[in-house]
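# Breakdown of the fold
If you want the building blocks of each chain, they are given just below.
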Amino acid sequence: MSVLRQIQALDINKATPVDEVLNLLPPNLRQMLSELPPAVKETVEEIRIRQGRPLMLGLAQGDGYVSEKGAVASCLSEAYVVNTNDVERVTQLVSRSSLYALEEELRNGFITLPGGHRVGITGKVLTDQGMVKNIKYISGFNFRISRAVKGVADRVLPYLISPEGRFFHTVLVSPPRCGKTTLLRDLIRRLSEGIPELGFPGINVGVVDERSEIAGCYRGIPQRDIGPRTDVLDACPKAAGMMMLLRSMGPSVIATDEIGRQEDVAALEEVLNAGVKVLTTVHGSSLEELADRPALRYLFKIKAIQRFVLLGRSKGVGTVEDIIDGRTMRSLGVKRC
Amino acid sequence: MLKFLGAAAVVFSCTLIGMTVASSYSRRPGEIRSLLNALQMLETEVSYGATPLPEALTHVAERCDPRVAPLFSRTGEELMTMRGITAREAWETALNQYYPKSALTRADRGILLELGNSLGVSDREDQVKHLVLAKEQLKLEQAKAEEASLKNTKVYNYLGFLGGLTIVLILI
C-alpha cells in the first residue's frame, strides 16, 4: 500500500509534458508560460513563436494569445510580442547551439526534442537543384507537445486478432488529426508487450519511423513507450527500412506510418510475401477514396489486407467509425466507439 | 655591507621584472599554437562528426593543451546548463575568464571574440569557413608573436639586469 502511495507521489512530482518543452525556451518566455493556470497547461497542444508576432498557444478548444503576465489573453493588444532576441535564443536552445548538426532535421522542417515532442521550424529555405538543402534566417517555431494516450487500442484489438491468436494484416484509415498515429503507437505497444486478456503473447515488432512520429526518437532512442520487443529505424525511408528490418531483425510484425507511394506498396508486398504481418496507416476518409489512388488500388486488388480500421472524429478525436474485413469487404459491426 | 646588500636586491628584482616581461613574449607563440591545434580539433568535430557544440567543446577540452583547455571546457559547461544563453555569450564568458591569465594580446582576443559570433549558428560549411578564418588570422598573429619573442625575450632579459645595474650605479 505504502509503495503504491510512493509511486503515486512520484507521478505527481513528475514534470508534465509542457514542462519538458518549457526547459527549451529562453528564461523570459519560460517564466511567462510557467505562470499559466494548470488547467490551461494540461490542454496546451502547441506553443507558437513567430518573430514580430504575438506568442500563441494552441489549445484543445481553439487558440489564445499569451500576455506578459502569463495569462491567456483574448485581445491582441495584451499579447506578448516575440522579438528577434527571443527567436535567436529559441534557435540556440532547440538546436543546442549546433545548427550544423541538424541539417538533416532542418531539411525535413522539424526537430524532435527530448520527451518525443517536436518543433516545426520556418524561415528562409535554401535549395540546391530543386532539393531543400537547409533553412536559414529561422523566424518561426511551432512546439507540438505530444502526450502518450495509452489504452486507445484496447477496444479495437479484439477485432485485429484471430481466434487462433494471430494478428491480422491491418491498415488504419483516417483523415489528418484523427488520432491515427496515437492508435498505431498504442497498437505497437500492446502487440510488443503481449495481451494476456486475449491470450496473445508479445511478439517482435519492427517499426520504420520515417517522420519520427511513432516512437519520437531523440538521438535514436525512443521517447515513447512502444513496448519491450520493438525495434525502431528512426527517420528511415519506409521502403528501404522495411527491407532492412526484414533482413536483419526478424520481426513478426512490421509497422509503418502513412503508406501511399508505389514503392511503399511494393515493399509492403515483399513483407507480406515473407510471412510477416503488416500494420500501417493511410490518409483518407473512406475505402472508396483510397481505391482511387493507383498504388493503393493494387493493395486492394491482391486482397492482402485483412482488416481496415476507419477513424474519424464524429465523437471526438480517435473515434473508430468502422472496422472492415479486407477479404469480404464487410463491416464487422463496429460503429462509432 | 648594507649598501652592497641593497644593490644586490635592486639588481635581483630588476632582473626578475625583465624575465617576467620576457616570458610573456616567449609564452605567447606556444599558446597560440595550442589554440590553433584546439580549433583544428573543433573543426574536425564539427565537419566530420557533426557533434553538437557542447559535447564537441568538451571533447576538445579533454584532448588539447591544458593551458587553453579552460576556454573550451567552460564554454561547454555554460551551454550544458541550458539556461537560455547563446553560444556567443557562453564563449565570451569563458574568454573573459581565460584571457587575463593567458599570454594572449588584445588582437588575439579580438579574433576569438569574432569567432564566437558565428559559433553554432550556421550550417557545417559555414562553420568550417569561420573556423578556418580564425585559424588563418591566428597564424598571422603567431608569426608576429614568434618574431617578437625572438627579438624581445633576450632584450628584456638583458634590459632587466642591466637596468638594475644602472640604477645601482646612479645611486652609488
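Residues numbered from 1 in each chain as written. Chains lettered and ligands numbered in written order. Predicted model: local features only at pLDDT ≥ 70, side-chain atom pairs only at ≥ 80, totals over all residues.

In terms of regular secondary structure, chain B is built from six helices and zero strands. Listing every helix and strand of chain B by position from the N terminus yields α-α-α-α-α-α. In terms of overall dimensions, chain B has a C-alpha envelope of 70 × 30 × 25 Å along the principal axes. Out of the 172 residues belonging to chain B, those deemed buried represent 34%. Pairs at least 24 apart in sequence give 70% of the contacts found in chain B among residues at least 6 apart. (Helix = DSSP H or I, 4+ residues; strand = E, 2+ residues; numbered from the N terminus. Buried ≥ 20, exposed ≤ 12 C-beta atoms within 10 Å, placed from the backbone. Contact = placed C-beta atoms within 7 Å.)

Turning next to the sheet that holds strand E12 (residues 230–234) of chain A. Residues and elements named next belong to chain A. Strand order in the open sheet formed by seven strands is E12-E11-E13-E14-E8-E15-E16, with mixed pairing between adjacent strands. Unpaired on one side and paired on the other, E12 and strand E16 (319–325) mark the two borders of the sheet. Going from strand to strand, the sheet's axes swing by 20 degrees on average, the running direction of each strand aside. Pairing analysis gives three bridges linking strand E13 (residues 253–256) to strand E14 (residues 277–283), with the strands arranged parallel. What sits directly across from Ile254, in E14, is Val278. (Pairing = 2+ DSSP bridges. Axes fitted to C-alpha atoms, helices over the stretch in contact; angles between N-to-C directions.)

Looking at chain A as a whole, its pLDDT mean stands at 86, while 94% of the residues score no less than 70. Note on residues 1–13 of chain A: pLDDT is under 50 here. Beyond four places in sequence and across chains, it has zero contacts. (pLDDT = per-residue confidence, 0-100.)

What follows deals with helix H10 (residues 262–273) of chain A. Residue and element names in this part refer to chain A. If you check H10, its first and last C-alpha atoms are 17 Å apart, about what 12 residues at 1.5 Å a residue would give, namely 16 Å. Those residues of H10 that fall on the buried side of the exposure criterion are Asp264, Val265, Ala267, Leu268 and Val271. Buried residues along H10 cover an arc of 160 degrees about the axis, so they all sit on one side. Against helix H9 (238–248), E13, E14 and helix H12 (294–301) lie the buried residues of H10. (Expected span 1.5 Å × (residues − 1). Arc of directions from axis to C-beta.)

On the side of chain A, 15 residues touch chain B, which itself brings 19 residues to the contact. Elements with a minimum of two residues in the side of chain B that touches chain A: helix H2 (53–63) and helix H6 (124–171) of chain B. For the side of chain B that touches chain A, a count of residues per class yields 10 nonpolar, six polar and three charged. (Nonpolar A, V, L, I, M, F, W, Y, C, P; charged D, E, K, R; others polar.)

All names here are of chain A. Here Gly179 is to be found in the loop between strand E8 (170–174) and helix H8 (180–193). On the basis of neighbour count, Gly179 is assigned to the buried category, with 21 C-beta atoms found within 10 Å. When the C-alpha positions of Gly179 and Ala215 are compared, they lie 15 Å apart, and in sequence the two are 36 residues distant. In this view, Gly179 contacts Val152, Leu311, Val317 and Gly318; residues no more than four positions away in its chain are not counted.

Now for the sheet that holds strand E4 (residues 72–73) of chain A. All names here are of chain A. Strand order across the open sheet formed by seven strands is E4-E3-E2-E1-E7-E6-E5, with antiparallel pairing between neighbours. What marks the edges here is a single partner per strand, and that holds for E4 and strand E5 (110–112). Pairing analysis gives four bridges linking strand E2 (residues 56–59) to strand E3 (residues 62–66), with the strands arranged antiparallel. Of the residues in E3, the one forming a bridge with Met56 is Tyr65. Each of strand E1 (44–50), E5, strand E6 (118–128) and strand E7 (131–144) is contacted by helix H5 (residues 84–94), which is oriented at about 105 degrees to E7, the strand it contacts most.

On to unusual backbone geometry. Residues and elements named next belong to chain A. Even without glycine at this site, Gln129 takes up a positive phi of about 50 degrees. Tracing the sequence through the fold places Gln129 in the loop between E6 and E7. Not every positive phi belongs to a glycine, and Ser212 is a case in point at roughly 55 degrees. Its location among the elements puts Ser212 in the loop between strand E11 (205–209) and E12. With 23 C-beta atoms packed within 10 Å, Ser212 lands in the buried category.

Residues and elements named next belong to chain A. Counting buried positions along E12 yields four of five residues, so the element is predominantly enclosed. Bridge analysis of E11 against E12 gives five bridges, and the strand direction is parallel. What sits directly across from Gly206, in E12, is Asp231.

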